[in-house]
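What follows is each chain in one-letter form.
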Amino acid sequence: MRARSARGRPGKDTPTVLYDLPGPRARRRNLLWTLLFLAALAAVVWWVVAGLADKSQLAWSKWAPFLTDARVWETYVLPALRNTVVAAALSMVIALPLGALLGVSRLSDHRAVRGAAGTVVEFFRAIPVLILMLFANAAYSEFTDVSPDTRPLYAVVTGLVLYNASVLAEVVRAGILSLPAGQTDAARALGLRKGQTMTYVLLPQAVTAMLPALVSQLVVIVKDTALGGAMLGFSELLASVRPMSANYGANTIACFTVVAVVFVVLNFALTTFAARLEGRLRRGRRSTGAVVGADAVEEAAAPGEHGGRPGAA
């Protein structure tokens, strides 16, 4: 093994921390495998494109309505997007606090509370969300007077809330348990009760650690709204493909592509917002707190009116 170079970097054949640098034969072999993979990928892409071209799915007439006809957006895409956003937003607004409550309850000192919360979480987390939607739809049909027009929305939101609240409960519990034990000890030393410790000390710090997992679950909520369109007739984005394709020349591939792009944009906006929020929270935690003005410093340093001790800041 060669010594380090004059500038402190490893020599040419010096192994790195994780793996040894490949030699000439290994580099040639890696290059060959890379070229073979690229060739295979190009062949697969060509096969897919050729198949679509043979079926006339790449013809301009299939894609033109999305660029030249505003009715396809006003009649199908935008109303379906609104329904998707409404269902996802309602599910998020209900599932987040419910999941936080279940997660905190699983950390309770009372065995009954801890056991009840754990039973609810494990039960609904083990059932597929589609089955929860189907059961909710049947329950609303049998035991309520909910209109058949709005029943799919209620069923989709109920299924998403029950499943994702259980998953978010585990995220919250894991985020709280990941904090150092010294945080709880310090709060107890200050005389805070357990509820105050959880509200003012643990949860604010755990939010930053939990945020990536929370955002991932929120993206899952947005995508799972498509299950309601597939099984319950809920008019969401994916369900809009069939009527669009039927009214615009069987352009199924074009419709699926546009719907996929809309989903990507929607989820990208959600993750971007969450990334900015996480950055702001992390910067807030690194801040040094309030700045004491010069007048307050002089007042604190000055002696009292009767020559006593200096005033307190």
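In this text, all values refer to a predicted model and were calculated from it rather than measured experimentally.

**Points about the packing of helix 6 (residues 129–143) against helix 7 (residues 151–177)**
Between helix 6 and helix 7, the least distance of the axes is 8 Å, while the angle of their chain directions is 135 degrees. Classed by the angle they form, the pair helix 6 and helix 7 counts as oblique. For the pair helix 6 and helix 7, the sense of crossing is right-handed. Side by side, helix 6 and helix 7 meet where Val 129, Leu 132, Met 133, Ala 136, Asn 137, Tyr 140 and Ser 141 of the first sit next to Arg 151, Pro 152, Tyr 154, Ala 155, Val 156, Thr 158, Gly 159, Leu 160, Leu 162 and Tyr 163 of the second.

**Digging into helix 5 (residues 111–125)**
Over its 15 residues, helix 5 runs 21 Å from end to end, which matches the ideal 21 Å to within 8%, given 1.5 Å per residue. Those residues of helix 5 lying buried are Ala 117, Gly 118 and Val 121. With its buried residues spanning 100 degrees around the axis, helix 5 presents them on a single face. Exposed residues lying more than 90 degrees from the buried face of helix 5 are Arg 111, Ala 112 and Thr 119. Each element contacted by the buried residues of helix 5 is listed here: helix 4 (71–105) and helix 7.

**Focus: the nonpolar core**
Phe 66, Met 92, Val 156, Ile 176, Leu 237 and Met 244 are the most contacted members of the largest nonpolar core, which totals 51 residues. Looking at this core, the elements that each hand over two or more residues are helix 4, helix 6, helix 7, helix 9 (194–231), helix 10 (241–247) and helix 11 (252–286). Per-element accounting of this core gives the leading share, 12 residues, to helix 9.

**Re the pattern of salt bridges**
As enumerated under the stated definition, the model contains six salt bridges in all. The partner of Arg 106 in a salt bridge is Glu 122, with the nearest N and O atoms 3.4 Å apart. Of the two residues, Arg 106 is situated in the loop between helix 4 and helix 5 and Glu 122 in helix 5; the sequence distance between them amounts to 16 residues. A relative accessible area of 18% places Arg 106 in the buried class. One salt bridge in this structure joins Glu 122 and Arg 125, with 3.0 Å as the shortest N-O distance. Placement of both Glu 122 and Arg 125 in helix 5 is noted, with a separation of three residues, approximately one turn of the helix.

**Regarding the confidence of the model for the protein chain**
Mean pLDDT over the protein chain stands at 82; residues scoring 70 or higher make up 84%. Counting contacts from residues 1–8, a segment whose pLDDT is below 50, to residues more than four positions away or on other chains yields nine contacts. Scored below 50 in pLDDT, residues 288–313 shows 13 contacts in the model against residues more than four places distant or in partner chains.

**Examining the packing of aromatic side chains**
All chains considered together, the criterion is met by four aromatic pairs. Ring plane angle 85 degrees and centroid distance 6.4 Å describe the contact between Tyr 76 and Tyr 248, whose orientation is recorded as edge-to-face. With Tyr 76 in helix 4 and Tyr 248 in the loop between helix 10 and helix 11, this pair connects stretches of sequence that are 172 residues apart. The exposure class of Tyr 76 is buried, given its relative accessible area of 17%. On the basis of an interplanar angle of 80 degrees and a centroid distance of 5.1 Å, the ring pair of Phe 123 and Phe 124 is categorised as edge-to-face.

Rules used in this analysis
Residues numbered from 1 in each chain as written. Predicted model: local features only at pLDDT ≥ 70, side-chain atom pairs only at ≥ 80, totals over all residues. Heavy atoms only, no water. Axes fitted to C-alpha atoms, helices over the stretch in contact; angles between N-to-C directions. Helix = DSSP H or I, 4+ residues; strand = E, 2+ residues; numbered from the N terminus. Parallel < 35°, antiparallel > 145°, perpendicular 65-115°, else oblique. Left-handed = near helix turned anticlockwise from the far one by under 90°. Contact = heavy atoms within 4.5 Å. Expected span 1.5 Å × (residues − 1). Buried < 20%, exposed > 50% of the residue type's maximum accessible area, 1.4 Å probe, protein only. Arc of directions from axis to C-beta. Core = buried A, V, L, I, M, F, W, Y, C linked by side-chain atoms within 4.5 Å. Salt bridge = Lys/Arg side-chain N within 4 Å of Asp/Glu carboxyl O. pLDDT = per-residue confidence, 0-100. Phe/Tyr/Trp six-rings, centres within 6.5 Å; stacked < 30°, edge-to-face > 60°.

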